[in-house]
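Below are the chains, spelled out letter by letter.
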Amino acid sequence: MQTAILRESARDDVRGVVFAVLLVAATTLIVFGIIQWVGLTRGSVVYLVPVVIAATRWGQVSALVAAALGVLCSAFFFYPPAYSFEITDPEEVLNIILYVFCAIVVGQLASRLKTQYELSRQREIDLTDLYAFSRRLAVAFDVSEIHAAIQDHLAAMMQRRVLLFSSGRDASERRTAGATPDPVLRKVAEFAAGCDEAANEATVMGDDGELWLVRSVSAKNPDYGVIAINLGLASKEGYATLRGRLDTVLADATATLDRLGVAHAITEARMRAQTERLRDALIGSVSHELRTPLASILGAATVLAAAPSLQNDPRLRDLAQGVREEADRLNNDIQNLLDATRISSEGVKPYIEWADPADILHAALDRCSRRLAQHRLAVDLPHDLPLIRADQILLQQALVQILDNAVKYSPIGSEIAVKVRAEDEHMTFSVSDQGAGLTDGEQAHMWDRFVRGERHVGTTSGSGLGLWIASAFVAANGGSIAAESRGPARGTTIFLNVPVTHSAPPQLESDEDE
Amino acid sequence: MNEHTPVVLVLDDEVQIRRFLRTGFELNGFTVHEASTGAEAIRTSTLRPIDLVIIDLGLPDMDGADVVERIRSWSTVPIIVLSVRSSEAEKVHLLELGADDYVVKPFGMAELLARVRVALRRQSRAASGEPTVKVGPLTIDLAARAVMLSGQRLTLTPKEYRLLQVLAQHAGNVVTHQHLLKEVWGSIHVHDTHYLRIFVRKLRQKIEPNPDSPRILVTELGVGYRLAQDPDNAWTPPPPAPAATAKPEV
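On a predicted model such as this, the values are computed, not experimentally measured, just so you know. (Residues numbered from 1 in each chain as written. Chains lettered and ligands numbered in written order. Predicted model: local features only at pLDDT ≥ 70, side-chain atom pairs only at ≥ 80, totals over all residues.)

Engineer: Can you walk me through the overall build of chain B in this structure?
Structural biologist: Along chain B, the regular secondary structure elements total eight helices and 12 strands. Sorting the 250 residues of chain B into buried and exposed places 42% on the buried side. Within chain B, contacts between residues separated by at least 24 positions form 59% of all contacts whose residues are at least 6 apart in sequence. (Helix = DSSP H or I, 4+ residues; strand = E, 2+ residues; numbered from the N terminus. Buried ≥ 20, exposed ≤ 12 C-beta atoms within 10 Å, placed from the backbone. Contact = placed C-beta atoms within 7 Å.)

Engineer: Help me understand the overall build of chain A in this model?
Structural biologist: Across its full length, chain A carries 16 helices and 11 strands. Looking at chain A as a whole, 33% of its 514 residues qualify as buried. When contacts within chain A are restricted to residue pairs at least 6 apart in sequence, those whose partners lie at least 24 apart make up 67%.

Engineer: Is there a simple way to explain helix α16 (residues 466-476) of chain A in this structure?
Structural biologist: Three or four residues apart is the spacing at which side chains of an α-helix point the same way, because the helix has 3.6 residues per turn. Residues and elements named next belong to chain A. With 10 of 11 residues buried, α16 is to be regarded as a mostly interior element. Contacts from the buried residues of α16 go to α11 (314-345), α14 (392-408), β10 (480-485) and β11 (492-499). Two residues or fewer past α16, Gly478 is found with a positive phi of approximately 75 degrees.

Engineer: Can you walk me through the sheet that holds β10 of chain A in this structure?
Structural biologist: In a beta sheet, neighbouring strands are held together by backbone hydrogen bonds and run either parallel or antiparallel to one another. Residue and element names in this part refer to chain A. Sheet architecture is open: five strands sit in the order β6-β8-β9-β11-β10, paired in mixed fashion. Edge positions in the sheet fall to β6 (376-380) and β10, since each has one partner strand and no second. Averaged over all pairs of adjacent strands, the angle between strand axes in this sheet comes to 15 degrees, irrespective of strand direction. The strands touched by α14 within the sheet are β8 (415-422), β9 (426-432) and β11, with β11 carrying the most contacts at an inclination of about 175 degrees. Contacts between α16 and the sheet are confined to β10 and β11, with β10 contributing the most and set at about 135 degrees to the helix. (Pairing = 2+ DSSP bridges. Axes fitted to C-alpha atoms, helices over the stretch in contact; angles between N-to-C directions.)

Engineer: Honestly, the interface of chain A and chain B in this entry has me stumped. Any pointers?
Structural biologist: Interface extent is often summarised as the accessible area lost during association of the parts. With 34 residues of chain A in contact, the opposing surface of chain B contributes 30 residues. Those elements that place two or more of their residues in the side of chain A that touches chain B are α9 (262-306), α11, β5 (353-355), α12 (357-367) and α14 of chain A.

Engineer: Help me understand the nonpolar core in this model?
Structural biologist: Nonpolar side chains in soluble globular proteins tend to end up buried together. Counting residues in hydrophobic clusters, the biggest one holds 71 residues, and the most contacted among them are Leu11, Leu52, Val53, Ile54, Ile55, Ile80 and Val81 of chain B. In this structure, Ile54 of chain B is in contact with Val8, Val10, Leu11, Leu21, Ile80 and Leu82 of chain B, ignoring residues within four places of it in sequence. With 43 residues, the next largest nonpolar core counts Ala340, Ala364, Leu394 and Leu465 of chain A among its residues. (Core = buried A, V, L, I, M, F, W, Y, C linked by C-beta atoms within 7 Å.)

Engineer: Looking at this structure, how should I read the sheet that holds strand β2 (residues 201-205) of chain A?
Structural biologist: Residue and element names in this part refer to chain A. The four strands lie next to each other as β1-β4-β3-β2, forming an open sheet whose pairing is antiparallel. Each edge of the open sheet is held by one strand with a lone partner, namely β1 (161-165) and β2. Pairs of neighbouring strands in the sheet enclose a mean axial angle of 20 degrees, with direction left out of account. Here five bridges tie β2 to strand β3 (residues 211-216), and the two strands are oriented antiparallel to one another. In the strand pairing of β3, Met205 is matched with Leu211.

Engineer: Where do I start with the pairing of β6 of chain A in this structure?
Structural biologist: Look at any regular strand and the pattern is simple: side chains alternate between the two faces of the sheet. All names here are of chain A. Counting buried positions along β6 yields zero of five residues, so the element is predominantly exposed. Bridge analysis of β6 against β8 gives five bridges, and the strand direction is parallel. Bridge pairing links Val379 to Val418 in β8.

Engineer: Please clarify how the pairing of strand β6 (residues 132-135) of chain B should be interpreted in this entry.
Structural biologist: Residues and elements named next belong to chain B. By the alternation rule, side chains of β6 split into Val133 and Val135, which are all buried, and Thr132 and Lys134, of which none is buried. Sheet topology places β6 next to strand β7 (residues 138-141); four bridges connect them, and they run antiparallel. Looking across to β7, one finds that Val133 is bridged to Ile140.

Engineer: Which parts of the structure should I look at to understand unusual backbone geometry?
Structural biologist: Among all residues except glycine, the phi angle is most often negative; among peptide bonds, the trans geometry is most common. Between Lys105 of chain B and Pro106 of chain B the backbone carries a cis peptide bond, its omega angle lying at -5 degrees. Even without being glycine, Ala489 of chain A reaches a positive phi, approximately 65 degrees. Summarising the element assignment, Ala489 of chain A is placed in the loop between β10 and β11. A tally of 11 C-beta atoms within 10 Å means that Ala489 of chain A is categorised as exposed. With a phi angle near 50 degrees, Ser150 of chain B is a residue other than glycine that sits in the positive phi range. With respect to the secondary-structure elements, Ser150 of chain B resides in the loop between β8 (146-149) and β9 (152-153). By C-beta crowding, Ser150 of chain B is classed as exposed, having 9 other C-beta atoms within 10 Å.

Engineer: In this structure, what is going on with the confidence of the model for chain B? I would like to understand it.
Structural biologist: Do not read the predicted coordinates in detail wherever pLDDT is low. Residue and element names in this part refer to chain B. When the pLDDT values of chain B are averaged, the result is 84; 90% of them are 70 or greater. For residues 231-250, every residue scores under 50 in pLDDT, and the model assigns this stretch 33 contacts once sequence neighbours within four places are set aside. Overall fold confidence (pTM) sits at 0.62, and the ipTM for the predicted complex is 0.81. (pLDDT = per-residue confidence, 0-100.)

Engineer: Is there a simple way to explain the packing of helix α6 (residues 158-169) of chain B against helix α7 (residues 177-185) of chain B in this structure?
Structural biologist: The axes of two packed helices give the description: the angle between them and the distance between them. Residues and elements named next belong to chain B. Direction vectors running N to C along α6 and α7 enclose 135 degrees, while the axes themselves pass 9 Å from each other. Relative to α7, the element α6 is oriented oblique. Here the hand of the crossing between α6 and α7 comes out right-handed. Two secondary-structure elements touch here, α6 through Lys159, Arg162, Leu163 and Val166 and α7 through Leu180, Glu183 and Val184. Of the residues contributing to the contact of α6 with α7, the split by class is four nonpolar, no polar and three charged. (Parallel < 35°, antiparallel > 145°, perpendicular 65-115°, else oblique. Left-handed = near helix turned anticlockwise from the far one by under 90°. Nonpolar A, V, L, I, M, F, W, Y, C, P; charged D, E, K, R; others polar.)

Engineer: Explanation requested: the confidence of the model for chain A in the structure shown.
Structural biologist: Residues and elements named next belong to chain A. Looking at chain A, pLDDT values average 79 and 87% of them are 70 or higher. Overall, residues 1-8 carries pLDDT values under 50, and its contacts beyond four positions in sequence, including any with other chains, amount to 16 contacts. Within the model, the stretch residues 168-177 combines pLDDT values under 50 with 19 contacts to residues more than four positions away or in other chains.

Engineer: Looking at this model, I keep getting lost on the environment of Thr256 of chain A. Mind explaining?
Structural biologist: Residue and element names in this part refer to chain A. Here Thr256 lies in helix α8 (residues 236-259). Here Thr256 falls in the partly exposed class, since 16 other C-beta atoms lie within 10 Å of it. Spatially, the C-alpha atoms of Thr256 and Phe133 are 9.6 Å apart, while their sequence positions differ by 123 residues.

Engineer: I would appreciate a short explanation of α9 of chain A in the present structure.
Structural biologist: With 45 residues, α9 of chain A should reach 66 Å at 1.5 Å per residue; the first-to-last C-alpha distance of 65 Å fits that figure. Taken as a whole, α9 of chain A carries its principal kink of about 25 degrees at Pro293 of chain A. (Expected span 1.5 Å × (residues − 1). Bend = angle between axes of the 7 residues up to and from the residue.)

Engineer: Mind showing me how you'd approach the environment of Asn221 of chain A here?
Structural biologist: The residue Asn221 of chain A is located in the loop between β3 and β4 (226-232) in this model. When the C-alpha positions of Asn221 of chain A and Ala263 of chain A are compared, they lie 7.8 Å apart, and in sequence the two are 42 residues distant.

Here's what the structure looks like:
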């Protein structure tokens, strides 16, 4: 970082020189005016002013230019003979030499001061950056967040657009801010795959003529990833300057990453993700293995319940019926686990088509008919509902979960009211029960995975997945889900909102009598 | 065909499922043959007279869909597949291949028996050329192209009638969206499911005693529609069949 600051760029120097010339010219004008006015004759000392200013503002080069110009100007304008560079008085020559000496010393002191001031300021910025960076790393939850932090840190250090790609087989871009040219991506993929062991870096020309530098962040630790830096339309010389700076920045960054234990954090985050995947796979395969025997149990129970020899003994019939109901419940739990693993491992891919909301509701009620049998069901379904664009299976399954909850948490014989309303922008399915209601705490966490209301853990069975699945399925349809309750034991209403498309379905050909 | 006890071929690799299906069917007056592999099922169905085949899709030796296709290539025997949930696309595919209906696992015996009876009844009606289909208060006379609701003749548009006709030809069994769209609007419209949604709504207004709670024209979400057949109204073994199956005049 220090080298970067000490290395004044040529452009800054030119600007400094131009300002130095202007300053000297201004000083000359002012001194000239004063001489005319007051009658002073010696002005060379006054030229120390532009020298000091130039030195503090733009550094040594412009200070020297100011000093030299000062000598020339005072010789030309103020020492007799006027308007000539000739100096006759030996005392004046001594004066000039003294001035030059002072100018050089003052200039050097001032410019050193400037450098030190800038250095300390830069150090302060660096420290703030570093502090922010380490704080981000500390709260980073997974690898991608760590990489995002590294990327932003490098971008701040380099003052260039920087893209960081995670290494390894799953080399994918962390964050795409604007388009990245294909050649760059290809190079990055090569680096990330580690097929180019010998080379540590490469430059790639993008389609728009911009130069990109691709290199691995650390030669020792591939976990830190591969960066691509947009060097802009840099020339070869500018490139060399940047290269030097990049080396420093990367060396610093790597040291920081080592110190902060980023490699360890990345490994940990990877482990966490792997554990999650493993757990999902396990749940998936176990659930699948459980379903086959369950199908036999459930089927056999129904055969038994209907068997003539059991019909005469209500106790045996009830027993067989009980087996069936428990198997049903177990099947629902397994289905929920499967749905949950599907959501977290593959995500929900909705199949959107024109759907009749009435069909969705009827299918959901149909599926719950056995469970709803002991409640009073009130359905309010307007028959002029518009068609919606939705995945009807997902919406039906979400509704089943909500109906199931209403049945579970409200007393037998109480009413469950189902309503569908179409508004301008969305359609709302609502399910109201007269059951357990919600406490504030329950409202806050009811949509989380594996969360069950404390009040019900001991009394009602469940996996804590139902509402989480419902909200995931509704979200996949671009909708939202919400709950309302006037408090514990005062009933719950769940609202399921899905967007209504304003574009009407394509018109049908007319179908009047032949 | 009505004179003998119906014969069911059960194809499932799980011995426990075959066992409860055998008991369930035998208690209801069916004769059961079992097969544990697709090859065995195909062999059995060629060697013996079979009235209905039940195929579980998860087979060890071949894809259930292949078995359906192979059997369909020479036989019109009703086929009911046992599938798992969340595979609507697979159900549609099997129905298109020629399966008559499906039951989602796990299922109760009564549910499967209802499907089986409906499929058998459809087969026997097709064989006897019986022209009327009755669903609760609705009667569809396919020969006279007349639709009656509780004795009142209904006026349907040509497309509405065509839709009802296709459903009635498969009365009790599910008919896929694609099949209905192709039959009613032609094959270029097989993906325009909104046509169906709108026409089914219109049709329900006319044929359902309570259109808000359809009981006759039932939706099979993601798969198609079904003209409900009350199992009591369907062909119930052992014979004689209920009075509803009026023999056509010769």
